[in-house]
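# Close look at the chain arrangement
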Amino acid sequence: MGKLIWHELSRYISLTASVYAVWASFWGFFFRKFFWDFIGGTLRSPGGLQPSPKFAVFITIIVKFPIVQIVTMVLGFIIIALEYPIPMLKGTAIHRSIALRVVLLILQAAGTVLFYQGTNAALWSLIAAMFYIRAITLREKMEEATRNKGQPVTTCSSVMKASDIISALSSRFEAAQSSGDLFFFPSEVSKHEEIGIEWEIRLCTALQKKPVVSPPSGEAGIAPSQANQLDETAKNSDPFAPPYVPNLHVGDLRDESSGAEYGVLLNKYSVVPHHFLLVTKEFMPQTSPLLPHDLVQTYLLLLAARKARKNYFAFYNCGSNSGASQNHKHIQFIEVEDEGPPIERLAKAANLEVSGKPFSLSSVPYANHVYRLPTLSNGASPEQLEQVLFLPFLSLLDLVISTVRHATDYPSGTPSYNVILTLEHMHLIPRRWETYTLGESGATLSVNSLGFAGMLMVKSESERQALEQEKIGTVLRGVGVESAHELQVAGTSMEAMDETSA
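None of these values were measured; they are calculated from a predicted model. (Residues numbered from 1 in each chain as written. Predicted model: local features only at pLDDT ≥ 70, side-chain atom pairs only at ≥ 80, totals over all residues. Heavy atoms only, no water.)

## Some points on the nonpolar core
One finds Tyr299 and Phe393 to be the most contacted residues of the largest nonpolar core, which totals 52 residues. Filtering out sequence-adjacent residues up to four positions away, Phe393 remains in contact with Pro289, Leu290, Leu295, Tyr417, Val419, Met426 and Leu428. By size, the runner-up hydrophobic cluster in this structure holds 37 residues, among which are Leu346, Val370, Ile420 and Ile472. (Core = buried A, V, L, I, M, F, W, Y, C linked by side-chain atoms within 4.5 Å. Buried < 20%, exposed > 50% of the residue type's maximum accessible area, 1.4 Å probe, protein only. Contact = heavy atoms within 4.5 Å.)

Structure follows, in structure tokens:
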């Protein structure tokens, strides 16, 4: 079954209640009766029920002069015009306002409940108002009112298999780009050999015009109370919260064991074709670690891509200094050549004395923790994947935290780190800073997981030259942390895994 969109349900109830209110008001002109006249009234024989004198004002505006009926009829027409909607209201701020609907429906209920014919309209108006309030508490938005020209969105289920998501990417990308909902920025890639790695430097001048988004809360120097306020603000202006932009929404995934739901969205600002994101349906902060079902759904997508003869890797920017641009938890996927991202080629070449334990790429000048995953078939079950993925992630995360503790001048606050996941390896890299200032040029280079995967982004030719002159290893060490891997591995970071396997 699909997920209920409360404001759409409320819309239909609101339309029904308002049509009923107009019709009741019409008959209220001819048969004028104050519904509550029996309260405190006097029953006379002959003469029937005589209303209490304290209700004289209602007798005047309902029975003597049908003022209430006229007002509720006008209000009903206004709500119908808003909900249908009429062309002049389509896509406007008034049309997208859920709070306005709540106010109008409560006023309509207050009016129709006063006269005999309007009580049912009052009841349904209150129900519609309550459902709209529910939509507000769930942070639903009516932005689709603009995109769909005021027409309702479909609420059918879009839960798909990982293989269906991969198959749909190409057509969805083209549709989103042609509609203008997705912006694709052309770029040029150059190779730069350094410390045994052929780094990719992507030059994209158009990114200079991309909107700048505030980083996730939890940044060093921000008090917990301020961080909570920032988190709440992020929720209210969240581009990854349902309902999604239809052309950017590839489909949904559901983890059967946990019930967790995800949306799969195309990256609105794409530099690489078919760049997509796995976002949690329920708001989770980007400062939270990956959970078992996050890893399982990520790896299922990588397996599905391999089965479709495509090569993707996933990455996750965790924390305020990791390069994350949105505070809603999201994992990103990039398509690469068969050998994977540049750093993966170095990981594949590593000769391990002992399998099943973390190792470090000692040739790079920054702290990094890697785990070689066992070979898994395309038909691996979610249960198998959870066993294979989550304990290694915990062991690597333990090493990240240990690395941060060894760094005496590490910024206060929650540690930041990058996660890179391929079919063969899991990489975790602790982060100290998000940006690096390039020498004499003074240009500020933002680095996320892609930089540590061996794929850096620059916005100008001068920035590219400054990066090569500064040395990529120096830049990554500047935003990373000094390695203490040998000291850590000599400890007990893998005891939990050994005990579990025993």
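More follows now that the structure is in view.
## Brief notes about the pattern of salt bridges
One pass over the full model with this rule turns up 11 salt bridges. Ionic pairing is found between Glu83 and Arg101, a salt bridge with its closest N-O pair at 3.0 Å. Of this pair, Glu83 sits in helix H3 (residues 67-83) while Arg101 is found in helix H5 (residues 98-112), placing the two residues 18 residues apart along the sequence. The shortest N-O distance in the salt bridge between Asp409 and Arg432 comes to 2.9 Å. With Asp409 in the loop between helix H12 (382-406) and strand S13 (416-421) and Arg432 in the loop between strand S14 (425-431) and strand S15 (435-438), this residue pair connects regions lying 23 residues apart in the sequence. (Salt bridge = Lys/Arg side-chain N within 4 Å of Asp/Glu carboxyl O. Helix = DSSP H or I, 4+ residues; strand = E, 2+ residues; numbered from the N terminus.)

## Considering the packing of aromatic side chains
Summed over the entire model, instances satisfying the criterion amount to 22 aromatic pairs. Judged by centre distance (5.8 Å) and plane angle (15 degrees), the rings of Phe183 and Tyr269 are stacked. One end of the pair, Phe183, is in strand S3 (residues 183-184); the other, Tyr269, is in strand S8 (residues 269-270), and 86 residues separate them in sequence. Given the relative accessible area of 38%, Phe183 is considered partly exposed. Exposure remark for Tyr269: the relative accessible area of 23% places this residue in the partly exposed category. A centroid spacing of 5.6 Å and a plane angle of 65 degrees characterise the contact between Phe276 and Tyr312, whose relative ring orientation is edge-to-face. (Phe/Tyr/Trp six-rings, centres within 6.5 Å; stacked < 30°, edge-to-face > 60°.)

## A look at the sheet that holds strand S9 (residues 276-280)
Pairing within the open sheet is antiparallel, and its 8 strands lie in the order S6-S7-S9-S11-S10-S13-S14-S12. Sheet topology places strand S6 (249-254) and strand S12 (369-372) at the edges, where each strand pairs with a single neighbour. Averaged over all pairs of adjacent strands, the angle between their axes in this sheet comes to 20 degrees, without regard to strand direction. Sheet topology note: the S6/strand S7 (residues 261-266) ladder contains 5 bridges and is antiparallel. If you follow Gly251 over to S7, its bridge partner there is Val264. Along the sheet, helix H11 (residues 342-349) makes contact with S12 and S14, crossing S14 at roughly 115 degrees. (Pairing = 2+ DSSP bridges. Axes fitted to C-alpha atoms, helices over the stretch in contact; angles between N-to-C directions.)

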